[in-house]
Amino acid sequence: MTGSETPADDAEIMEAVDEALQGLELEPHETAEILGFANREVPHLQTPEDSYFILGSYRDPYVRRLRIVENELDKRLGTYPFLMGDLPEIDIDRLPVFRIRFTLLATYADHIVAVYEQDAGGEVTELGKISATPYFDRSTVLPRDYAWMTDRNIETVADLLAAAVNVYFNDDLDEEETEAELDSLVTQAQRNDIEVSREEVVDRIEGRTDADGEAVSYSWVHLNEFRLFELHGRCLPWTDPEELRDVTDRIP
């Protein structure tokens, strides 16, 4: 949290914009439009409240999950969760305004929370940005159905379900192999004091809606980025909206 209620000055704002645009020279009306946006939105991020910049797809049904995270974070005292899509646009045709808005909001937000359910769309670009300096230390990722399959650390129900979903929908496994893999995951979970049965796990998986009736498949690039966050304790997998609400409670 910045701890300051004083808005950033214009020079500081334009320094961030200059870096985002790689030193591109701006026209006077463009500078005025950018400062107008910043002077409206940045002060909200400099109050004593904890601000949460929520990233993810705005397409239906994915945007519904962003609203779940927003609503759960809003239940906390002294928080300001927001989506960039709810904020005013910057009306400049010549410039990459998404890059400008993202940079300003990510620079001044206290926390960045990214929800993933697919490996396409603008979320790919956002993931690359928040996994690098200066945003990484303030970012948490919430990937649906993610599991680093070579090192299964089953410490929560979310970890178990994420791994189990990938096993259950794996076409390379026959029924017997699937059951054996699920049994192994459940046994590991039970050793970690997670009270759950294989039947309960299968019920949760089969209870997914038709639109969610298969595991999310991520590229190797995505998996590596998620793994980096996981190793730093800031990757929170989930499998359904109920689980998403639970893992949101674990966001700093």
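About the criteria used
Numbers given to residues run from 1 along each chain, matching the order in which its sequence is written. Where local features are concerned, this predicted model is filtered to residues with pLDDT of at least 70; where side-chain atom pairs are given and counted, the filter is 80 or more; whole-chain, interface and lining totals use all residues. Hydrogens and water are ignored here; the side-chain numbers use all heavy atoms of the structure. Buried Ala, Val, Leu, Ile, Met, Phe, Trp, Tyr and Cys residues that are joined via side-chain atoms within 4.5 Å together make up what is termed a nonpolar core. Only protein chains enter the calculation, and the probe is 1.4 Å; a residue is then buried if its accessible area is under 20% of its type maximum, exposed if over 50%, and partly exposed in between. Each helix is a run of H or I in the DSSP string that is no shorter than four residues. Each strand is a run of E no shorter than two, and both are numbered from the N terminus. Working rule for contacts: check all heavy atoms of both residues, and any pair within 4.5 Å makes them a contact. Patch membership requires over 30% relative accessible area and the absence of a salt bridge. Like charges are linked within 9 Å, and nonpolar side chains (Val, Leu, Ile, Met, Phe, Trp, Tyr) within 5 Å. All accessible-area figures derive from a Shrake-Rupley calculation using a 1.4 Å probe, and residue coverage is judged against the displayed protein chains alone. We define a salt bridge as a contact between a side-chain nitrogen of Lys or Arg and a carboxyl oxygen of Asp or Glu at a distance within 4 Å. Working convention for charge: Lys and Arg count positive, Asp and Glu count negative, and His plus the chain ends are omitted. Here the site of a charge means NZ on Lys, CZ on Arg, CG on Asp, or CD on Glu. Confidence of the prediction at every residue is given by pLDDT, a number between 0 and 100. For this analysis, a polar contact is any N or O atom pair within 3.5 Å, provided that within protein one partner can donate a hydrogen and the other can accept it, and provided that sequence-adjacent residues contribute only side-chain to side-chain pairs. Paired rings are identified among Phe, Tyr and Trp, the last through its six-membered ring, by centres lying within 6.5 Å, and are further divided according to the angle between planes into stacked (under 30 degrees), edge-to-face (over 60) and tilted (the rest). Whether a charge sits over a ring depends on NZ of Lys or CZ of Arg being within 6 Å of the ring centre and within 35 degrees of the ring normal.

### Quick word on the nonpolar core
Logical step 1: Ranked by internal contacts, the top residues of the largest apolar core, which has 43 residues, are Ile34, Phe53, Leu104, Ile130 and Val141.
Logical step 2: For this core, the secondary structure elements donating two or more residues are α1 (10-20), α2 (28-41), β1 (50-55), α4 (97-108), β3 (111-116), α5 (123-130) and α9 (220-231).
Logical step 3: The dominant element in this core, judged by the number of residues it contributes, is α4, at 7 residues.
Logical step 4: Those residues in contact with isoleucine 130 that sit more than four places away from it in its chain are Leu55, Phe102, Ile112, Ala114, Tyr116, Tyr135, Phe136, Ser139, Val141 and Phe229.
Logical step 5: In this structure, Ile154, Leu161, Ala164 and Leu185 belong to the second largest nonpolar core, which totals 18 residues.

### So, a negative patch on the surface
Logical step 1: Negative charge collects at one region of the surface, where Asp9, Asp10, Glu12, Glu15, Asp18 and Glu19 lie side by side.
Logical step 2: Relative to the helices and strands, aspartate 18 is located in helix α1.
Logical step 3: A relative accessible area of 40% places aspartate 18 in the partly exposed class.

### Some words on the pattern of salt bridges
Logical step 1: Taken as a whole and assessed by the stated rule, the structure comprises 11 salt bridges.
Logical step 2: Among the salt bridges present, the one from glutamate 117 reaches arginine 65, with a minimum N-O distance of 2.8 Å. Taken together, the residues glutamate 117 in the loop between β3 and α5 and arginine 65 in helix α3 (residues 62-74) connect sequence positions 52 residues apart. Taken as a pair, glutamate 117 and arginine 65 share a single burial class, namely buried.
Logical step 3: Its salt-bridge partner being arginine 227, residue glutamate 230 comes within 3.1 Å of it at the nearest N-O pair. Note that glutamate 230 and arginine 227 are positioned in helix α9 at a spacing of 3 residues, about one turn of the helix.
Logical step 4: On the basis of relative accessibility, which here comes to 11%, the residue arginine 227 falls in the buried class.
Logical step 5: The network of salt bridges with common partners includes Arg65, Glu117 and Arg144.

### Let's talk about the confidence of the model for the protein
Logical step 1: When pLDDT is averaged along the protein, the result is 88, and 91% of the positions lie at 70 or above.
Logical step 2: Residue range residues 1-5 is modelled with pLDDT below 50. Its contacts to residues more than four positions away, or to other chains, number 15 contacts.

### Brief notes about the side chain of serine 139
Logical step 1: The residue serine 139 is located in strand β4 (residues 139-143) in this model.
Logical step 2: Side-chain polar atoms of serine 139 contact the backbone oxygen of tyrosine 135, separated by 2.8 Å.
Logical step 3: Excluding residues that lie within four positions of it along the chain, serine 139 makes contacts with Ile112, Ile130, Phe229 and Arg234.

### Things to note about the packing of aromatic side chains
Logical step 1: Tallied over the full model, the rule gives 9 aromatic pairs.
Logical step 2: Look at phenylalanine 53 and phenylalanine 102: their rings are 5.8 Å apart centre to centre, the planes differ by 50 degrees, and that puts the pair in the tilted class. You can see phenylalanine 53 sitting in strand β1 and its partner phenylalanine 102 sitting in helix α4, a full 49 residues away along the chain.
Logical step 3: Classification of phenylalanine 53 by relative accessible area gives buried; the value is 0%.
Logical step 4: Overall, the relative accessible area of 1% leaves phenylalanine 102 in the buried class.
Logical step 5: Relative to phenylalanine 82, the ring of tyrosine 80 lies with its centre 5.2 Å away and its plane at 20 degrees, an arrangement referred to as stacked.
Logical step 6: For phenylalanine 82, a relative accessible area of 3% translates into the label buried.
Logical step 7: An aromatic cluster of at least three residues, connected via ring pairs, comprises Phe53, Tyr80, Phe82, Phe98, Phe102 and Tyr135.
Logical step 8: Its guanidinium or amino end placed over the ring of phenylalanine 136, arginine 234 lies 4.4 Å from that ring's centre, counting from NZ or CZ.

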